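Architecture and fold: a report
For reference, the chains in residue letters:
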Amino acid sequence: MRPLNFYSGVFCITSATLMLQLIQTRMLSVVVWYHLAFFVISMAMLGLTAGAVWVYLKGSRFTAKTLSYDLANFSTAFALSAVIGLALQVTLVPTSRFAFTTVVIWLELALVIAAPFFFSGVVVSLALTRSPFPIGRVYGIDLIGAAVGCFGVLVLLNEFNGPTAILCSAALVSLGAVLFANSGVGAAPTAQPAFLVRILGWHRA
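In this text, all values refer to a predicted model and were calculated from it rather than measured experimentally.

This part is about empty space enclosed by the protein. Unoccupied space between atoms shows up once a probe the size of one water molecule is rolled over them. In total, this model carries one cavity of 30 Å³ or more according to the counting rule given. Lining the largest cavity we find Leu20, Gln24, Ser81, Ala82, Leu86, Val112, Pro116 and Ile166. Take the lining of the largest cavity: its biggest share by element is three residues, from helix 3 (residues 67-89).

Within the fold, Met19 resides in helix 1 (residues 3-31). In sequence terms Met19 and Cys168 are 149 residues apart; their C-alpha atoms lie 9.5 Å from each other. Sequence-distant contacts of Met19, defined by excluding residues within four places in its chain, comprise Gly149, Gly152, Val153, Leu156, Ser169 and Leu172.

Within the fold, Asn182 resides in the loop between helix 6 (162-181) and helix 7 (194-200). With relative accessibility at 40%, the residue Asn182 sits in the partly exposed group. Sequence spacing of Asn182 and Asn5 is 177 residues, and the spatial spacing of their C-alpha atoms is 6.7 Å. With sequence-adjacent residues up to four places away left out, Asn182 is seen in contact with Arg2 and Asn5.

Thresholds applied
- Residues numbered from 1 in each chain as written.
- Predicted model: local features only at pLDDT ≥ 70, side-chain atom pairs only at ≥ 80, totals over all residues.
- Heavy atoms only, no water.
- 1 Å grid on protein atoms, 1.4 Å probe; cavity = no way out; pocket = protein on both sides within 12 Å on 5 of 7 lines; lining within 4 Å.
- Points joined across faces, edges and corners; volume = space filled by probe spheres on them.
- Helix = DSSP H or I, 4+ residues; strand = E, 2+ residues; numbered from the N terminus.
- Contact = heavy atoms within 4.5 Å.
- Buried < 20%, exposed > 50% of the residue type's maximum accessible area, 1.4 Å probe, protein only.

Function-wise, these values are silent; they only describe arrangement.
Laid out in structure tokens, this is it:
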């Protein structure tokens, strides 16, 4: 096992999670209405909680034997959902006029904001509950990553616009996925297709 890779992956994910949340609050409060910052926070908390609950309900599915594999996969899903969500978000025009299309727009906006945080919730929950490393140390890295993310977003928004900053946070999540994949905690599940195992370089559990 490579603990440094694992801890670095946790740091990247939690840091990017806080950056994404703060960037979204900034974007919506400026582009649409200021009070939508609270909407973003609500959707982020919903996504994180839903991801943690899903891990709990699928308890027997996730074990330390496939932890690196699962963390890398869900971190990749986190990064992709952030990028795809951004592409969809810039096409939406939220309004306060009551109509069926308005309801659809708001539901779509809620979904694209919450989706990345769902995968973040899955990753953080697995890292805290399935890793063989001391939970206090993992949680400490979690908190440090979140704190650095709060300061990192200031640097991003001073240098880039909102959408570009989201892409930068997605790149940080992708780095976390690579670090998790090389942390050596477990192997690919036996149900994984042989050709995909070879492509990804995994060893069957």
